[in-house]
Structure formats: structure tokens, C-alpha cells
Amino acid sequence: MRKDGKIYVAGHGGLVGSAIVRKLKEKGYTNIIGRRSSELDLTRQADTEAFFAAEKPDYVFMCAAKVGGIYANSTYPADFIIRNLQMESNVIQAAFQNHVEKLMFMASSCIYPREAPMPLKEEYLLTGQLETTNRPYAMAKLAGIELCEAYNRQYGTNYISCLPGNLYGPGDNFDLENGHVLPSLLRKFVEAVEAGSPTVTVWGTGTAYREFLHTDDMADACVFLMEHYDADKLVKPDPYAREAINIGCGEDITIKELVAILAEVTGFHGEIVWDTTKPDGTPRKIADSSKLFSMGWRPKIALRDGIRQTYLDYLANRDKYRS
Ligand code: GDP
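About the cut-offs
- Residues numbered from 1 in each chain as written.
- Predicted model: local features only at pLDDT ≥ 70, side-chain atom pairs only at ≥ 80, totals over all residues.
- Heavy atoms only, no water.
- Helix = DSSP H or I, 4+ residues; strand = E, 2+ residues; numbered from the N terminus.
- Rg over C-alpha atoms; globule rule 2.2 N^0.38 Å.
- Buried < 20%, exposed > 50% of the residue type's maximum accessible area, 1.4 Å probe, protein only.
- Contact = heavy atoms within 4.5 Å.
- Areas by Shrake-Rupley, 256 points an atom, 1.4 Å probe, with all protein chains shown as cover.
- 1 Å grid on protein atoms, 1.4 Å probe; cavity = no way out; pocket = protein on both sides within 12 Å on 5 of 7 lines; lining within 4 Å.
- Points joined across faces, edges and corners; volume = space filled by probe spheres on them.
- Nonpolar A, V, L, I, M, F, W, Y, C, P; charged D, E, K, R; others polar.
- Expected span 1.5 Å × (residues − 1).
- Near = heavy atom within 4 Å.
- Polar contact = N/O pair within 3.5 Å; in protein donor to acceptor, adjacent residues only side chain to side chain.
- Pairing = 2+ DSSP bridges.
- Axes fitted to C-alpha atoms, helices over the stretch in contact; angles between N-to-C directions.
- Left-handed = near helix turned anticlockwise from the far one by under 90°.
- Right-handed = clockwise from strand over helix to strand, strands pointing away.
- Core = buried A, V, L, I, M, F, W, Y, C linked by side-chain atoms within 4.5 Å.
- Salt bridge = Lys/Arg side-chain N within 4 Å of Asp/Glu carboxyl O.

1. Description of the overall build of the protein
- Within the protein one finds ten helices and 13 strands.
- Here the C-alpha radius of gyration of the protein, 20 Å, is about what a compact globule of 323 residues would show, namely 20 Å.
- Along the longest, intermediate and shortest principal axes, the C-alpha atoms of the protein span 60 × 40 × 40 Å.
- A burial count over the protein gives 50% of its 323 residues as buried.
- Looking at the protein alone, contacts between residues at least 24 apart form 79% of all its contacts between residues at least 6 apart.
- Carbon and sulfur atoms make up 52% of the accessible area of the protein, which totals about 14700 Å².

Shown next as C-alpha cells:
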């Protein structure tokens, strides 16, 4: 990517998009554009096309998406599939019509088949039944990957996709019911310390393993891939080979270990109560990121440091996160 090329980060206000904007600035990219959803509704094709025709970006990071946890996914299945399909097809088509040089589509590791072996390798995509609770979201994201690959095959475009795992970092969803485990528990510990509460209740048995990646590391990997990884469908031996690439840190820990770090960082010295009426979920979820690592990329943020930084950010900005 040229340092002065025009880069459109779709979804620049979100957890992923905002981390990508920070990383691009840090690396010296000077021409970054974004639009709030109130300014540009990407589910509307005509508006999306008009925006691309006026701005003519050189590069696109497609991070705009309707996302949410298990509760939101099962309550609003139609919204999850239709909005994601609309946004991604509008952006990818408009990118093609306006000769965007390179595009990155953000998918997610939760679109792998439910029974796929661990660690998850890219070639396991579409080899089995999806998890039913987020199937509409997963189908839309799979369609997005296929859209990129189909354009690459037919038109020789350079559209790549990535599959980040469990992300955490500043600006996360710290909701106690709907958030993911790390931000929800971080908030529970902070509030327990502030209230002088002797216990914190954690869901499940604590034995499940999860891999956590800081959004700044994920953004670093995304920019690295845009700089070093090309689709090249027209020259690859197998034009149907999956282009999507995992972004993970390669290490997982138990929820129990996570809880110990959270207690230490937040200064909680009380007792942990395990609510085993709540589910553990899948026993292990980790991506095989060897394809990415073999290109020379490695994560830089140790989990404890990343949690400390997220904690400080939460303390400073929690009123903003609540609104
Ligand atoms: P998953 O990785 O898709 O399963 O989603 P989560 O990020 O919600 O992680 C779920 C794991 O964390 C399960 O093993 C839960 O039992 C455990 N967990 C413990 N406490 C909490 C909590 O307060 N919120 C959430 N979301 N998960 C928790």
C-alpha cells in the first residue's frame, strides 16, 4: 500500500475498524477516510455507489458489520443475515466498479463448522454444519469470502479475507449479559472491587480454553496482510484455493487462568464463585495461524499487558461505553 494512497476503513468507529485506523496512522498512512453509519448507510446500494464514485478510494478495509453475542444473534437472525449481506455486497461491488486496488474483508473464526477439529485450519471452512445460533451471521460472512474470491477469479482483483478469533481491547462491549467473556468479567471485577464485594460470580466451570487477541495486534496483522499478502487467483495453481487467512496469537488459556489475571489486574482479592448452571460452551476454540506466522508476522501484546491497558481504558472511558 502506498503511504499516501486513499484508504477507506468501512466501520471505522467499531472495535476492529478503530484499531485499524490507529494502526494505519501509526505506520505513516496519511489519507484515511471513514463515514459514520448516520452519514452513510452501507445497506443502501445507491448511497454506497455514490460514496465510492465521489471518493475513489485506492484501498478498502471492510470492517462494517452487524455483530453481537449469542443472545443478539439468536434474537435478531434476519437482521444479522440481511444487513451483513447488503453491506458486504454493496461495498465489494462498488469497490470493483471504482477500481479499488486492494480490499480486505473481515470475517470471523466463528464461521467455522461447529465440529471442526482444533486448531482451526483455513481449509476446514465449509466442511460441516455451522453452529445454529449464529448461522445467519456465518452464512453472510461466508458469502462475503466467496464474493471476494469470485471477483478475484473472474476479474483478477486483489480482495483478501481474514478470520480473527476472540478479540478484546479498548472500546469493547462491556455489557454483563451480552458481552464476550473478557470484557464482561473485567467489568464484573472492577465493580466488585468498587463495591467492596467479597465474591465475583463467573459462569461455567472455568475449564474451557479460549484464545484471546488484542485488537491492536489484530489491526497490525490486517495492515501487514494488506502490505504483504496478495490474492493472485489468476496465477495460483488452484484458483479455488481458500484465500481467507486466520489471525490469532497461537496460544490459549483456560477461563480459570483468565480469571486469575483479571483478579490480579483489577486488584480483586475476594472469592470466585463458579456458576455451573451456566454453559461452558465449546471446550476449546483456537485457530491455526501458521499460515500468517509463516509470512513473518507475530503478535506483540502479551495477554496480561493487553488486559491491563484495556482495564485502564475502561476506567477512563466507561461512561462513554455505556451511552
Ligand atoms: P465463546 O468464546 O463464543 O464461547 O464466547 P464467550 O466470549 O462468551 O466465552 C464464553 C466462555 O467464558 C464460556 O466458557 C463461559 O462459561 C465463560 N464465562 C465465564 N464468565 C462469563 C461471563 O460473565 N460472560 C461470558 N460471556 N462468558 C463467561
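2. Details of the layout of surface pockets
- In this structure, the second largest pocket spans a volume of roughly 260 Å³.
- Around the second largest pocket, the lining comprises 16 residues; the ones closest to its centre are C249, E251, I301, A302 and L303.
- Ranked by residues supplied to the lining of the second largest pocket, first place goes to strand β9 (residues 212-214) with three residues.
- Class assignment of the residues belonging to the lining of the second largest pocket gives a composition of ten nonpolar, one polar and five charged.

3. Some words on helix α5 (residues 135-155)
- A rise of 1.5 Å per residue sets the reference length of α5, with its 21 residues, at 30 Å; its end C-alpha atoms lie 29 Å apart and thus fit the reference within 8%.
- When we look at burial in α5, the residues that qualify are P136, Y137, A138, A140, K141, L142, G144, I145, C148, E149, Y151 and N152.
- On the buried face of α5, the contacting elements are α3 (70-75), α4 (77-97), β4 (102-106) and β5 (159-164).
- Directly beyond the C-terminal end of α5, a positive phi value near 70° is found at G156.

4. Regarding the site of the ligand
- Of all residues adjacent to the ligand, which total 16 residues, the nearest are V181, R210, P279, D280 and K285.
- H180 places a polar side-chain atom, nitrogen or oxygen, 3.1 Å from an oxygen atom of the ligand.
- Between the ligand and the protein, one listed contact pairs an oxygen atom with a backbone N or O atom of V181 at 3.0 Å.
- Compared with its free state, where it exposes 540 Å², the ligand has 86% of that area covered by protein.

5. Brief notes about the sheet that holds strand β1 (residues 7-10)
- Pairing is parallel in the open sheet, where six strands are placed in the order β2-β1-β3-β4-β5-β10. Edge positions in the sheet fall to β2 (32-33) and β10 (245-247), since each of these pairs with one other strand and no more.
- Judged from the four bridges that link them, β1 and strand β3 (residues 59-62) form a sheet pairing that is parallel. Its bridge partner being in β3, V9 is matched across the sheet by F61.

6. Brief notes about the packing of helix α1 (residues 15-26) against helix α7 (residues 215-228)
- With their axes 8 Å apart at the nearest point, α1 and α7 run at an angle of 65° to one another. Note on packing geometry: the crossing formed by α1 with α7 is right-handed. Between α1 and α7, the contacting residues are L15, V16, A19, I20, R22, K23 and L24 on the first element and T215, D216, M218, A219, D220, C222 and V223 on the second.
- Looking at side-chain class alone, the contact of α1 with α7 contains nine nonpolar, one polar and four charged residues.

7. Some words on the pairing of β1
- Taking every second residue as pointing to the same face, both faces of β1 are buried, with I7 and V9 on one and Y8 and A10 on the other.
- In the classification by handedness, the crossover that spans β1, the intervening α1 and the parallel β2 is right-handed.

8. Thoughts on the nonpolar core
- In this structure, Y8, F52 and L103 are the most contacted members of the largest nonpolar core, which totals 34 residues.
- Contributing elements (two or more residues each) for this core: β1, α2 (45-55), β3, α4, β4, α5 and β5.
- When near neighbours in sequence (up to four residues on either side) are disregarded, F52 contacts Y8, P57, V60, V91, A94, A95, N98 and V100.
- Ranked by size, the runner-up nonpolar core spans 33 residues in total, among them Y29, Y59, L225 and A231.

9. A closer look at the environment of V202
- Looking at the secondary structure, you find V202 in strand β7 (residues 199-203).
- The sequence separation of V202 and K278 amounts to 76 residues, and the corresponding C-alpha distance is 8.8 Å.

10. A few points about the pattern of salt bridges
- Applying the stated criterion to the full structure yields 22 salt bridges.
- Between K23 and E26 there is a salt bridge, with its nearest N and O atoms 3.4 Å apart. Residue K23 and its partner E26 are both found in helix α1; the two are separated by three residues, about one turn of the helix.
- Relative accessible area serves as the criterion here: at 60%, E26 is assigned to the exposed category.
- Notably, a salt bridge pairs D220 with K300, separated by 2.7 Å at the nearest N-O pair. A residue pair is termed long-range when its members are at least 10 positions apart, and D220 in helix α7 and K300 in the loop between α9 (290-294) and α10 (303-322) qualify at 80 residues.
- Residue K300 is classed as exposed on the basis of its relative accessible area, which comes to 62%.
- Residues participating in the shared-partner salt-bridge network are K23, E26, D220 and K300.

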